[in-house]
Amino acid sequence: MKFMKLGTKPDAFHVDGNFIRHVSSDLETDVVIKIDQMRFHLHKFPLLSKSNLLQELVSKASEEKSDEVAIPDFPGGPEAFEICAKFCYGIAVTLSAYNVVAARCAAEYLEMTEDVERGNLVFKVEVFLNSSVFHGWKDSIIVLQTCRALLPWSEDLNIVGRCVDSVASKTSMDPAKISWSYTHNRRLSDKLLDSSMRFDNGVEQVPKDWWVEDVSELEVDLFKRLMVAVKSKGRMDGSVIEEALRTYALRWLPESADELTSEDSIEQYKYVLETIFWLLPSDKAGGCSCKFLLKLLKVGVIVGLEDSLREGLVERISLKLDEAPVKDLLIPARSRHSTSCDVELVHAMVSHFIRYAAQSRDLSVSDPRNNSDGFVLGHGSLMRVGRLVDGYLAEIAHDPNLSVSEFVNLSQSVPDTARAIHDGLYMAIDIYLKEHPSLTKQERRKICGAMDVKKLSMEASIHAAQNDRLPLRVIVQVLFFEQIRAAAAGALSADTSLCTTASIDGECENSSLKTCQLLENQMCKTSSAGEDDRVESARLSKSSSNGQQQTAASRSMRMFSKLWIRRRAQHGGSETTGSSPSPTSTAVPLTKSCNNSASSSCRRYSVS
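Attention here is on the structure that accompanies the text. Note that this is a predicted model, so its numbers are computed, not measured. (Residues numbered from 1 in each chain as written. Predicted model: local features only at pLDDT ≥ 70, side-chain atom pairs only at ≥ 80, totals over all residues. Heavy atoms only, no water.)

1. Let's talk about the sheet that holds strand β2 (residues 13–15)
Judged by pairing direction, the sheet is mixed, and its five strands sit side by side in the order β2-β3-β5-β4-β6 without closing on themselves. Of all strands in the sheet, those with a lone pairing partner are β2 and β6 (68–70), marking the two edges. Direction aside, the axes of adjacent strands within the sheet are offset by 25° on average. Pairing of strand β4 (residues 31–35) with strand β5 (residues 38–42), which is carried by five bridges, proceeds in the antiparallel orientation. For V32, the partnering residue across the bridge sits in β5 and is H41. (Pairing = 2+ DSSP bridges. Helix = DSSP H or I, 4+ residues; strand = E, 2+ residues; numbered from the N terminus. Axes fitted to C-alpha atoms, helices over the stretch in contact; angles between N-to-C directions.)

Okay, here's the thing in structure tokens:
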């Protein structure tokens, strides 16, 4: 920090009580200057020789036969006036970044200019500002912080503008030329101790965002003005701008509603949030991370951000929704009588994302160069959003106020192509059924209808087959499909062996298709109330042809047969008797087909 010393005489100012200051001198004081509640007992000559304003005020007081001059609203208060008074007496005064703005504003107010005396206080303070303060990072930050309390004087004297320009210029400096002692209050983090953050000579490397913590201490209006200046120079990476906004948000925005102590605090937080939103990069598809935007949205819901700004945040988040973690989507709802988390807000994000994904796909097909926002989504992004929705559903499924329609609508907000398997959705449904035991039979069927049992993995199918919370119809579908899948794998193995042996015009394909058709017909019989459980032939055509898969298929059929018998014993077969055969009955024709029509082939190509 830089200092400037003015005057050489020893300090002769003394305190007399709480609100009186006087100068020790052989001459009796002849004027009293009142600043706020403080009275300064001084001499006219040293004051009037350097201040035009005091000349006028003292002259006017003399005409009124008074020796007291009151100066209301003095910039900087009694402390600033004391600096000016000591300068008039030639008493030693030390200027620093903490008091130089107050001294400059006070000197301007008292008209201590070159017109009154050469080398007056205004001139000396300006020299100190231009030659020292604005050249240093620490001093510039401190001066900028002190300007807030001295508005509008600091603004009219262009101290704020010059200081902002000084700080903005220094943020663009080469980090290699910055040392940690250069910053104001930077805290060294653990990552700086890593060897990757050091130069070859062992000196700690300074990152590009070395300045963000210092400027985060500024008041919101000054921060806004500084960031506008930084962005206008066009030399700052978007990631550094985001880090500056993130650091400022972490410093000034609340973490929870408990910090909203008064209406004034709510308005202040809202203004800070609006300022940060206004400073976000214009490139919606780039710039700030989804995690940071979700943080802003969460605070916006807490403080009651305007709908237009909230929609703007939702739109930005939707473009990056595939990057979001599930926990950051748990945004508290605004209404206490609804769900604990704002499900509608997440639904809106997903809907926006799906729409953008469709537009991006259409745009990339027509002319990829026309994508002005640079927003291009692949199938992987859609799959990540599908997993995100399933994870979010599993989190909010514990909420007792979450309705079946809200759950189902959100689960169906993503297309079928977003879920390769439905294990995550099944887990969310299972949690919901467990936490809402009073659901009706129709409600349980509705929520389970969002899941495709054909897309469950073997582990999920085993769990579902033994899950008492699922409707019996769904369990029957799980059992039948898994048996169909297992039996079809064995049938295709046998048919492949037949094709290899006989090589007769399509007999292998016809045999497989007939087997698949038979199993599919049996599956459809079990799906009452118009449910369509199609068996995908593509899945069957990809089955392996070795004997090990025949063994696995047989093991799978036996396992699900046992599960079926156990299930029938528990429920008495009331819902399925007379309407659907047991899963074991579908395995018998497959075995007979292999033994009767192609027994020699089966024996010839069996794997020992």
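2. A few points about the environment of K320
By secondary structure assignment, the location of K320 is in the loop between α14 (307–319) and α15 (343–366). Taking the relative accessible area as the measure of exposure, K320 reaches 8% and is therefore buried. The spatial distance from the C-alpha of K320 to the C-alpha of F353 is 8.1 Å, given a sequence separation of 33 residues. (Buried < 20%, exposed > 50% of the residue type's maximum accessible area, 1.4 Å probe, protein only.)

3. Section: unusual backbone geometry
Residue P152 follows L151 across a cis peptide bond; omega there is 5°. Note on placement: P152 falls in the loop between α6 (137–147) and α7 (153–156). The phi angle at K65 is positive, at roughly 55°, despite the residue not being glycine. Tracing the sequence through the fold places K65 in the loop between α2 (52–63) and β6. Its identity is not glycine, yet N158 carries a phi of approximately 65°, on the positive side. Its location among the elements puts N158 in the loop between α7 and α8 (159–171).

4. Considering the packing of helix α18 (residues 423–435) against helix α19 (residues 441–448)
Geometry of a packed helix pair, given as the angle between the helix axes and the separation of the axes. Relative orientation of the contacting elements α18 and α19 amounts to 160°, with a least axis distance of 10 Å. Viewed along their axes, α18 and α19 adopt a mutual orientation that is roughly antiparallel. Handedness of the α18/α19 crossing: right-handed. Residues I429, Y432 and L433 of α18 form the contact with α19, whose participating residues are R444, I447 and C448. Looking at side-chain class alone, the contact of α18 with α19 contains five nonpolar, no polar and one charged residues. (Parallel < 35°, antiparallel > 145°, perpendicular 65-115°, else oblique. Left-handed = near helix turned anticlockwise from the far one by under 90°. Contact = heavy atoms within 4.5 Å. Nonpolar A, V, L, I, M, F, W, Y, C, P; charged D, E, K, R; others polar.)

5. Here's the deal with the state of the cysteines
On inspection of all chains with the given rule, the structure shows zero disulfides. Here C84 is not disulfide-linked; the sulfur of C88 is the nearest cysteine sulfur, at 7.0 Å. C84 sits in the buried class, given a relative accessible area of 1%. (Disulfide = S-S within 2.5 Å.)

6. Quick look at the nonpolar core
Counting residues in hydrophobic clusters, the biggest one holds 156 residues, and the most contacted among them are I33, L42, W211, L296, L321 and M349. Considering every element that reaches this core, the biggest residue donor is helix α13 (residues 290–303), with ten residues. When residues no more than four places from it in sequence are discounted, the contact partners of I33 are M38, R39, F40, L42, L47, L54, V69, I71 and F81. (Core = buried A, V, L, I, M, F, W, Y, C linked by side-chain atoms within 4.5 Å.)

Interpretation in functional terms is not warranted from these geometric data alone.
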